[in-house]
Amino acid sequence: MIPTAHSQPPFITLDSVTKRWSNGATVLDGLSLQAERGEFISLIGPSGCGKSTLLRLLAGLSGLSSGSVKLDGMLPESAREIMSFIFQDATLLPWRTVRSNVELGLELEGKTTESQRHKTSTELLQWVGLSDVADLYPRQLSGGMRMRVSIARALATRPKILLMDEPFGALDEMTRDFLNEEVLRLRENDQFTTFFVTHSVAEAVFLSTRILVLRAKPGQIAGEIRVPFAYPRTAALRSAPEFLRLVGEVSAALRSVQVPSNPSNPGHP
Amino acid sequence: MKKFLIQAAWPLAVFVVVVTAWDLCCRWLAIPAYVLPQPSAVVRVVIERHQTLWNAFCITALEAGGGYLLSILGGVVIALFFAQSPLIRRSFYPYTILLQTVPIVAIAPLILMWFGSGLRSVMLVAFVICLFPIIANTTQGLISVPRNLIDLFVMSNASRSRQLLKLRLPYALPHLFVGLRISAGISVIGAVTGELFASSNAVGEGGLGYSITYANSQLQTDYLFALVLTASLLGFLFFFSVTALEWLCLRKWHESAMKTDAD
């Protein structure tokens, strides 16, 4: 995983990426980062540390103020074809059935025939266990099911890079754990490179090859923790002592970058 | 069916009570028929003059319906234009509000003066009065598409026209229907108002609005009542048709239509 001097350039490179808002506030300040194919990188940090912004920069949904981002040798805007974005909410189109939502990305790409799309969506829905609800509408599904549709839609275009912006934040813990296992299972198949924004330390440790702890104001990488556990990982890992130790380590790193509460603001008893 | 009957029972009971009270008032207070005709007199005049009523109904329906359909077309096109940029909205929106605030009784004579007092001018009055609710609601729908959904389309490299066709328009559909429901009723108001200013020879026998002025001048108050009821019926029919269409289009996926399931 560690690039040597003569190996090919890293799959994803961020070089002193800086992002400022138009009001002058610096969200990300000179952030550099490299990722290899197949890595699962979690971004964790206090709110306002720019982790979601970083994801949007990778997706080309937001422009850099300075620095450079290269994905498989391409600029973000050109790399969209090999990327999928999974948002905080499922962002399904309510007027489309589950199946039709899964097919959306392929349909917009316009490279596939209807029967090809049908085949892909059938396969993916089976994969995420939603074959039975293919003809239902999003409002008829639970939050967890909607998120699974959203994941299936993202994977339908066979992305090489998957950007996930706190996708399970709104779900209950049981659903979240289940979907975490699901993501790893899907990853075994497709080996996409993932950037995953989360607030949950346990989730980050369970999923990632690497965890980046970000600090806020300005957003910078404060620490990097490699997760040594081999894949495939199972639910049993969550109760292993070395897992819990690592969770503790990441939590400590996270605490150290937590902005202390404003002293001028008198606390309520 | 049983549920429907129970639901229909209450408004029906109100109807019976009101009509009875109306009838009793006429008898006990000895109100002259040209001030307030008895319900039975209104029913009689409806039966006697059903042919003229029907003709007037058809003329007004044509005018109101034509203006309404035009306003849907025009309103959606204008809304699409407005949705392009905030600058366009800021520049033009104040003038569309004029459509809503200038009383239609003031505009109607102008339109008839400019375009002649024919069926088409009356249609134009209905068009003008229907336009604003459709523009306002459709624009609102088109511009309130959530950021993430737009980003999703951007990530798929979808062109502007695809974004419009597959995202903005379907997203705005429930909003459009709100406008359509509001305009359905007022299209009839527009047509009737237009006719009040149109001369009879231009509109042939004349629609409901023309007949209302005529009945009023002749103190045929029972006929006037029949005409007013027919006009309300027309508005109700429009409203009902649009609501039915809305249900057909949205029932599967939209929250507003879902409520009826839970009822």
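Note: the structure precedes this text.
Colleague: Is there a simple way to explain the pattern of salt bridges in this structure?
Modeller: Think of it this way: side chains of opposite charge can pair up when their charged atoms draw near. Residue and element names in this part refer to chain A. As enumerated under the stated definition, the model contains 18 salt bridges over all chains in all. Across the salt bridge formed by Glu-181 and Arg-238, the nearest N and O atoms sit 2.7 Å from each other. Residue Glu-181 is found in helix H6 (residues 173–190), and its partner Arg-238 is found in the loop between strand S9 (220–226) and helix H8 (241–257); the two are separated by 57 residues along the sequence. In this structure, the salt-bridge partner of Arg-210 is Glu-224, at a minimum N-O distance of 3.5 Å.

Colleague: Where do I start with the packing of aromatic side chains in this structure?
Modeller: In this description, an aromatic ring pair is defined by two values, namely the gap between the centres and the angle between the planes. Under the counting rule described, the total for this entry stands at 14 aromatic pairs over all chains. Ring geometry for A:Phe85 and A:Phe87: centres 4.6 Å apart, planes at 25°, overall stacked. Judged by its relative accessible area of 5%, A:Phe85 falls in the buried class. By relative accessible area, A:Phe87 is classed as buried at 2%. Here the aromatic residues B:Phe81, B:Phe82, B:Phe92, B:Tyr93 and B:Phe132 are joined through ring pairs into a cluster of three or more. Over the aromatic face of A:Tyr231 sits the side chain of A:Arg233, whose NZ or CZ is 4.0 Å from the ring centroid. The ring of B:Trp247 carries the charged tip of B:Arg251 above its face, separated from the ring centre by 5.1 Å.

Colleague: I would appreciate a short explanation of the sheet that holds strand S4 (residues 66–71) of chain A in the present structure.
Modeller: Strand pairing within a sheet occurs via backbone hydrogen bonds; the two strands may be parallel or antiparallel. Residues and elements named next belong to chain A. What the three strands build is an open sheet, ordered S2-S1-S4; its pairing is antiparallel. Looking at which strands have only one partner, the edges of the open sheet turn out to be strand S2 (26–35) and S4. Between one strand axis and the next, the sheet turns through 20° on average, direction left out of account. Inspection of the sheet shows strand S1 (residues 12–20) paired to S4 by five bridges, in the antiparallel sense. Paired with Leu-14 across the strands is Val-69, a residue of S4.

Colleague: Which parts of the structure should I look at to understand the interface of chain A and chain B?
Modeller: Note on interface size: it is often stated as the accessible area lost on association of the parts. In this complex, chain A contributes 23 residues to the contact, which on the side of chain B involves 23 residues. Buried area between chain A and chain B, summed over both chains or domains, comes out near 2,100 Å², and the portion from carbon and sulfur atoms is 64%. For the chain A face of the interface with chain B, the top three residues by lost area are A:Trp95, A:Leu108 and A:Arg139, together amounting to 38%. Linking chain A with chain B are two salt bridges, by the criterion used here. The tally of links between chain A and chain B comes to seven residue pairs in polar contact (both at pLDDT 80 or more). Mapped onto the side of chain A that touches chain B, the elements with two or more residues apiece are helix H1 (51–59), strand S5 (83–86) and helix H3 (104–109) of chain A. Among the elements that line the side of chain A that touches chain B, the one with the most residues is H3(A), at four residues.

Colleague: Hey, could you run me through unusual backbone geometry in this one?
Modeller: Trans peptide bonds make up the majority, and among non-glycine residues the majority have a negative phi. All names here are of chain A. A cis geometry characterises the amide bond from Lys-217 onward to Pro-218, with omega recorded as -5°. Mapping Pro-218 onto the fold places it in the loop between strand S8 (210–215) and S9. Along the chain, Tyr-231 connects to Pro-232 via a cis peptide bond; the corresponding omega equals -10°. Residue position: Pro-232 is located in the loop between S9 and H8. Even without being glycine, Thr-91 reaches a positive phi, approximately 45°. Tracing the backbone through its elements, the reader meets Thr-91 in the loop between S5 and helix H2 (98–102).

Colleague: I'm lost on the environment of B:Ala215 in this one. Help?
Modeller: Residue and element names in this part refer to chain B. Tracing the backbone through its elements, the reader meets Ala-215 in helix H9 (residues 208–217). Its relative accessible area of 0% is what places Ala-215 among the buried residues. For the pair Ala-215 and Val-102, spaced 113 residues apart in the sequence, the C-alpha separation amounts to 28 Å. Beyond its immediate chain neighbours, meaning those up to four positions away, Ala-215 contacts Gln-220, Tyr-223, Leu-224 and Leu-227.

Colleague: I would appreciate a short explanation of the sheet that holds S5(A) in the present structure.
Modeller: All names here are of chain A. If you walk across this open sheet you meet the six strands as S5-S6-S7-S3-S8-S9, and the pairing is mixed. Each edge of the open sheet carries a strand with a single partner, namely S5 and S9. When the angles between neighbouring strand axes are averaged without regard to direction, this sheet yields 15°. Where S8 and S9 come together, six bridges link them in antiparallel fashion. In the strand pairing of S9, Val-213 is matched with Gly-223.

What counts as what
- Residues numbered from 1 in each chain as written.
- Chains lettered and ligands numbered in written order.
- Predicted model: local features only at pLDDT ≥ 70, side-chain atom pairs only at ≥ 80, totals over all residues.
- Heavy atoms only, no water.
- Salt bridge = Lys/Arg side-chain N within 4 Å of Asp/Glu carboxyl O.
- Helix = DSSP H or I, 4+ residues; strand = E, 2+ residues; numbered from the N terminus.
- Phe/Tyr/Trp six-rings, centres within 6.5 Å; stacked < 30°, edge-to-face > 60°.
- Buried < 20%, exposed > 50% of the residue type's maximum accessible area, 1.4 Å probe, protein only.
- Lys NZ or Arg CZ within 6 Å of the ring centre and 35° of its normal.
- Pairing = 2+ DSSP bridges.
- Axes fitted to C-alpha atoms, helices over the stretch in contact; angles between N-to-C directions.
- Contact = heavy atoms within 4.5 Å.
- Buried area = accessible area lost by both parts, 1.4 Å probe.
- Polar contact = N/O pair within 3.5 Å; in protein donor to acceptor, adjacent residues only side chain to side chain.

Shape is all these values report; function is a separate question.
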